[in-house]
Structures are given as C-alpha cells and as structure tokens.
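# Overview (structure and organization)
Residues per chain, in single letters:
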Amino acid sequence: MNVGERFETVVIGGSQAGLAVGYHLAKEGRPFLILDANARIGDAWRNRWDSLRLFTPARYDGLPGWRFPAPGWSFPTKDEMAHRLSRLPAFARQLDPSIVQLHSSEYCSPAQLREGGVLVVGAGNSGAEISFEVSRTHDTWLSGKDVGAVPVRHGSVAARFVLPVIRFIGHHVLTKRTPIGRKVGPKVASKATPLIRVKDKDLAAGGIQRVPKVTAVRDGLPVLEDDRILQVSNVIWCTGFRQDFSWIDLPIHGEDGQPLHDRGVALSEPGLYFVGLIFLYSVSSDVLPGVGRDAKRIAKHIARLAPRARSHELTPRELEVVRLVAAGKSNREIASVLAISEHTVARHVQNILGKLRVSSRTAATAFAFEHDLV
C-alpha cells in the first residue's frame, strides 16, 4: 500500500468477519483493503492457548468460499484455524505482584504458571477447559456461576443430530426478524455458552474445586463472594472480551456506547458498516457459522451503492438523504436520523434535485425507486 493511496472500502480487522466481508466484496468485483494489527492472517487464533480446539465441527468452521480442510465432524485445533480486547475487573491490579496473572487470550500452557494454586475466574467454556488442563499439575479453583451444559457428549453421534438443530435455531429462529428472536435473542447472545466439551463431571473428576464469584482483593489476595480469601499463586482471567467502539470518532453511538445500525449498516454515517457484532442480526452473528451471511449482505450493500453514487453523481451522504426522502421522512426527521442540521438536510435535498434533474421531492422519490437507489 502506498501513502495516499485510496480504496473504495477499508475493512478494519482481519478476523473471520473481516475475511468473510473481503470474500464477498471480491465476488462483487469491488476494490478493498483489509487492515489488521497482527502480522499474519489467523494470529488472533494462533496466539490462544496451546491445547485449544474449536467447539464447532469443521463442517461449520469454514469461511465463505473456503471449506475447512478437515473431516466434517472433527474439531480443528486453534493453529489449524489460524493457518478481542481483554475484559478484567478493576480490582485485578490490586492483586499481589507475586501472583501470576494471565487473561485467557495470553494463556498458552501450564508452563507459564508458578508453583502453587491456580484460580481460574470465569466458568464458561474457556474457564472449564483451562482449569481442567492446569488441574493436572496444580491445585485448581474455578470461580463463577454454573452456565449449564449441552445435553449430549461433544463429538458423539447424538451431537451430530443436536448441533444442526442448535445452529438452525441460532441462525434462523433467534433473529431480529422473528418476535421470539427480538424478545430473547439479545439475552441468549450475551450469555455465556453452555459447557460443550468439558462438563461438570469432568471438572469434579479432575479435583477442581468450584467456588463463588470473585468480588474483591484483600491484602493482595482474591476474595470470594462468601468472604473467603484464596491463597493462590496464579490467577487466570477467563472473563471474556469487551467490544470497544470509543475510538470511532463519529456520531454513531447509542447511550450504551454500542453503534446504532440496521443489520450492520450504520444509521447516521453513510459508508460505515459493522460485521461480527453480538446479535447483529441473529444469535449466530458473532461466531463462525453466522458471520458469512451478514458479510454477504454488507458486501452487496456496498456494491449496490458504489456504482450508483458515481452514475448519478450522488455522494454517499446524498444517497442516504434520498433514501430517507423516499421513505417519506421530513427534513427534521432526516436531520435527527443523520445527526445533522435541518439546514444541511435542505442543502442536500437541493443538490439531489439538481443532480437528478427533477423539481420536487415526489419526483426525486419516483426517480430513486425507478433507478433502484433505495
């Protein structure tokens, strides 16, 4: 890439979502560039703990246009998958400096740990798998509430029937299009996934002690919800990841700091899109089996708008305005949606009428529908 070089589309993040968008943009014949902080494609997976395997079978782990090169019901390793921001409680920094602290994204193997006990914080799938591994060499405590478990043994014949059903529900039923999806989808998507491979009986067999939530630090040691203090030499935080959009200096955020969008299309900034968000459209939107569908839709949206903007000489902002005009929105309503002044909206409308060579909003609406601009 040369300094000053321009691209029609820049994809920020080379994860499965970014790669899926790139694939569909290429199919649409649109130029693009993918930017990522890592040196190689797949490093976000490559840098996870050594023994990690995917929880979904290989048949569901491929990206658009790329079938995963493994038997359909096998479970790829994290390195096979390779070829988000750590979320820690504020009191983590108060732990004694002699205690080894690792986030699950930094953990590779028990060799990183000191002699002595290990507290694994977070009882989801990452916490269960990591605690099961370190329990072979260390006394281990697992902190967090029970998240339940899938009702079949991972990799079993029964799972081959159950997993497609779960995928269908997450991909087609719990979506923003269905009443039940709109009601419970966000809650399901934001909760920890039930234990898949390592279950409660495996944890008990490994001698892992289940303990309540960690709530504080006292004298440099972790304190549990029942006020017990654990004397441990290591803490592994399996507390997940937090999506951070504060670096996007545009008026796109809701009160909760999350971007306002319609299936990934930013509502107030033409040309800005999101893929891979939790419940972007369905429960499966942020995982491998679901990103492809959302990426395809965004790529088609980009491809549809880009040539029309040139052929009718409308800017991306003017395309958004004409879309809202065609939807029957007033200047005040358009100004509210796009977070701009009514004066600016009026100026855009006048520019649109001039470029489309029509004399009224009604004529602009008819033109927009006739030429499929909306």
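Everything here concerns the structure above.
Calculation rules
- Residues numbered from 1 in each chain as written.
- Predicted model: local features only at pLDDT ≥ 70, side-chain atom pairs only at ≥ 80, totals over all residues.
- Heavy atoms only, no water.
- Axes fitted to C-alpha atoms, helices over the stretch in contact; angles between N-to-C directions.
- Helix = DSSP H or I, 4+ residues; strand = E, 2+ residues; numbered from the N terminus.
- Parallel < 35°, antiparallel > 145°, perpendicular 65-115°, else oblique.
- Contact = heavy atoms within 4.5 Å.
- Nonpolar A, V, L, I, M, F, W, Y, C, P; charged D, E, K, R; others polar.
- Phe/Tyr/Trp six-rings, centres within 6.5 Å; stacked < 30°, edge-to-face > 60°.
- Buried < 20%, exposed > 50% of the residue type's maximum accessible area, 1.4 Å probe, protein only.
- Lys NZ or Arg CZ within 6 Å of the ring centre and 35° of its normal.
- Pairing = 2+ DSSP bridges.

## Quick notes on the packing of helix α9 (residues 316-326) against helix α12 (residues 361-370)
When two helices pack together, their arrangement is given by the angle between the helix axes and the distance between those axes. Look at α9 against α12: their axes get within 9 Å of each other, and the N-to-C directions meet at 105°. With respect to α12, the axis of α9 lies roughly perpendicular. Residues V322, V325 and A326 of α9 pack against R361, A364, T365, A368 and F369 of α12. Residue composition of the contact of α9 with α12, grouped by class: six nonpolar, one polar and one charged.

## Section: the packing of aromatic side chains
In the structure shown here, the tally under the stated rule is two aromatic pairs. Relative to W237, the ring of F91 lies with its centre 6.4 Å away and its plane at 55°, an arrangement referred to as tilted. With a gap of 146 residues between them, F91 in the loop between β3 (85-86) and β4 (100-103) and W237 in strand β10 (residues 234-237) connect regions that are remote in the sequence. The burial state of F91 is the same as that of W237; both residues are buried. The ring of Y281 is capped by R263, whose NZ or CZ atom sits 3.6 Å from the centre of that ring.

## Examining the sheet that holds β10
Strand order across the open sheet formed by five strands is β4-β10-β5-β6-β7, with parallel pairing between neighbours. Of all the strands in the sheet, just β4 and β7 (209-211) have a single pairing partner and so form its edges. On average, adjacent strands in this sheet sit at an angle of 20° to one another, irrespective of strand direction. In the sheet, strand β6 (residues 140-143) pairs with β7 via three bridges, with the strands oriented parallel. The residue of β7 that forms the bridge with L142 is R210. With respect to the sheet, helix α4 (residues 125-134) is in contact with β5 (118-121), β6 and β10, its orientation differing from that of β6 by roughly 170°.

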